Amino acid sequence: MNRPPAPKGVLYVIVCAAGAAPTAQDLVAAALDEGWEVQVVATPSALGFFDVPAFEELTGRPVKSRYRRPDEPKPPRADAIVVAPATYNTVNKFAQGIADTYALGLLAEAPGLGIPVVVVPFVNAALASRLPFLRGVETLRAEGVRVLLDPANEAWNGSKPWRTALAAVEELGRLRRDDTG
């Protein structure tokens, strides 16, 4: 797929193993329409949750799920990251700085590199009410990560979380530019 250069930069979309994983394709399509170049990164468990070739065709890039070998080319560095859908496990590990997968390794570095990160958790009400999750959200927010919780603690519906996530990443990017400019 030939697209003009991305004026907004490179957006990494990290997809986790949640039921909403296939709908992340709507997020990717919206980001491409808004002028982002998109690199999809999947947690290892997420690979079985969505149509990998469809995401690759949409972005024109391979879906990444593991660290590259030394002989493989480096993907472009992220200008922003959206984690959607984010699982309970990923939110908690990200908050604790655990980098036991490629996706979590990217997330562990992002706040220290000043890369805007937006997390869209897809967790049920029971998990969303747990102290480890609530503490994780608080920790991430303290580091400048935007965590978009569903107000009803239910699964997000339609395209709302994707548009909200893209708007949030734009806002974080503006705030960071204003702080450094």
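Residues numbered from 1 in each chain as written. Predicted model: local features only at pLDDT ≥ 70, side-chain atom pairs only at ≥ 80, totals over all residues. Heavy atoms only, no water.

It is not clear to me how the sheet that holds strand E3 (residues 80–86) should be interpreted in this structure. Could you clarify?
Note on sheets: strands pair through backbone hydrogen bonds, and any given pair is parallel or antiparallel. Judged by pairing direction, the sheet is parallel, and its five strands sit side by side in the order E2-E1-E3-E4-E5 without closing on themselves. Lying at the two open borders of the sheet, with one neighbouring strand each, are strand E2 (36–42) and strand E5 (146–147). Alignment of E3 against strand E4 (residues 117–121), held across four bridges, turns out to be parallel. Across the sheet, residue Val 82 finds its bridge partner in E4, namely Val 118. Helix H3 (residues 88–96) contacts E3 and E4 of the sheet and is inclined by roughly 145° relative to E4. (Pairing = 2+ DSSP bridges. Helix = DSSP H or I, 4+ residues; strand = E, 2+ residues; numbered from the N terminus. Contact = heavy atoms within 4.5 Å. Axes fitted to C-alpha atoms, helices over the stretch in contact; angles between N-to-C directions.)

Can you walk me through the side chain of Lys 64 in this structure?
Inspection of the secondary structure puts Lys 64 in the loop between helix H2 (52–59) and E3. Despite its burial, Lys 64 remains without a salt bridge, the nearest opposite charge being carried by Glu 72 at 5.6 Å. For Lys 64, the contacting residues outside a window of four places in its chain are Gln 39, Val 40, Val 41, Ala 42, Pro 75 and Tyr 102. (Buried < 20%, exposed > 50% of the residue type's maximum accessible area, 1.4 Å probe, protein only. Lys, Arg positive; Asp, Glu negative; His and termini not counted. Salt bridge = Lys/Arg side-chain N within 4 Å of Asp/Glu carboxyl O.)

Quick question: what am I supposed to make of the environment of Ala 108 here?
Following the sequence through the fold, Ala 108 ends up in helix H4 (residues 102–113). Spatially, the C-alpha atoms of Ala 108 and Lys 93 are 9.1 Å apart, while their sequence positions differ by 15 residues. Residues within four places of Ala 108 in sequence aside, it is in contact with Phe 94, Gly 97 and Ala 99.

Help me understand the nonpolar core in this model?
Counting 35 residues, the largest nonpolar core has Leu 11, Val 28, Trp 36, Val 38, Phe 50, Val 82 and Val 118 as the members making the most contacts within it. Put simply, the parts of the chain that give this core at least two residues each are strand E1 (9–15), helix H1 (24–33), E2, H2, E3, E4 and helix H7 (160–180). Look past the residues within four positions of Val 118 in its chain and what remains in contact with it is Ile 81, Val 82, Val 83, Arg 146, Leu 148, Ala 165, Ala 168, Val 169 and Leu 172. In this structure, Tyr 12, Val 41, Ala 110 and Phe 133 belong to the second largest nonpolar core, which totals 29 residues. (Core = buried A, V, L, I, M, F, W, Y, C linked by side-chain atoms within 4.5 Å.)

Please explain unusual backbone geometry as it appears in this structure.
Excluding glycine, residues mostly carry a negative phi; peptide bonds, for their part, are mostly trans. For the peptide bond that leads from Ala 84 to Pro 85, omega is -5°, which places it in the cis range. The topology assignment puts Pro 85 in strand E3.

Which parts of the structure should I look at to understand the packing of aromatic side chains?
Ring pairs (aromatic) are described by centroid distance and by the angle formed between their planes. Enumeration according to the criterion identifies four aromatic pairs in this entry. With a centroid separation of 5.3 Å and an interplanar angle of 80°, the aromatic rings of Tyr 67 and Tyr 102 are classed as edge-to-face. Remark: Tyr 102 occurs in helix H4 and Tyr 67 occurs in the loop between H2 and E3; sequence separation between them is 35 residues. Pairing Phe 122 with Trp 162 gives two aromatic rings, centres 5.8 Å apart and planes at 25°, and the pair type is stacked. (Phe/Tyr/Trp six-rings, centres within 6.5 Å; stacked < 30°, edge-to-face > 60°.)

Any chance you could explain helix H6 (residues 131–142) here in plain terms?
Two residues of an α-helix separated by three or four positions point the same way, owing to the 3.6 residues in each turn. Between its first and last C-alpha, H6 extends 16 Å over twelve residues, near the 16 Å set by a 1.5 Å rise per residue. Here H6 has its buried residues at Phe 133, Gly 136, Val 137 and Leu 140. Along the axis of H6, the buried positions cluster into a sector of 100°, meaning they face one direction only. Looking at H6, the residues exposed on the side facing more than 90 degrees away from the buried face are Arg 135, Glu 138 and Ala 142. Looking at the buried positions of H6, the neighbouring elements they touch are H3, E4, helix H5 (125–128) and E5. (Expected span 1.5 Å × (residues − 1). Arc of directions from axis to C-beta.)

Geometric values such as these leave the question of function open.
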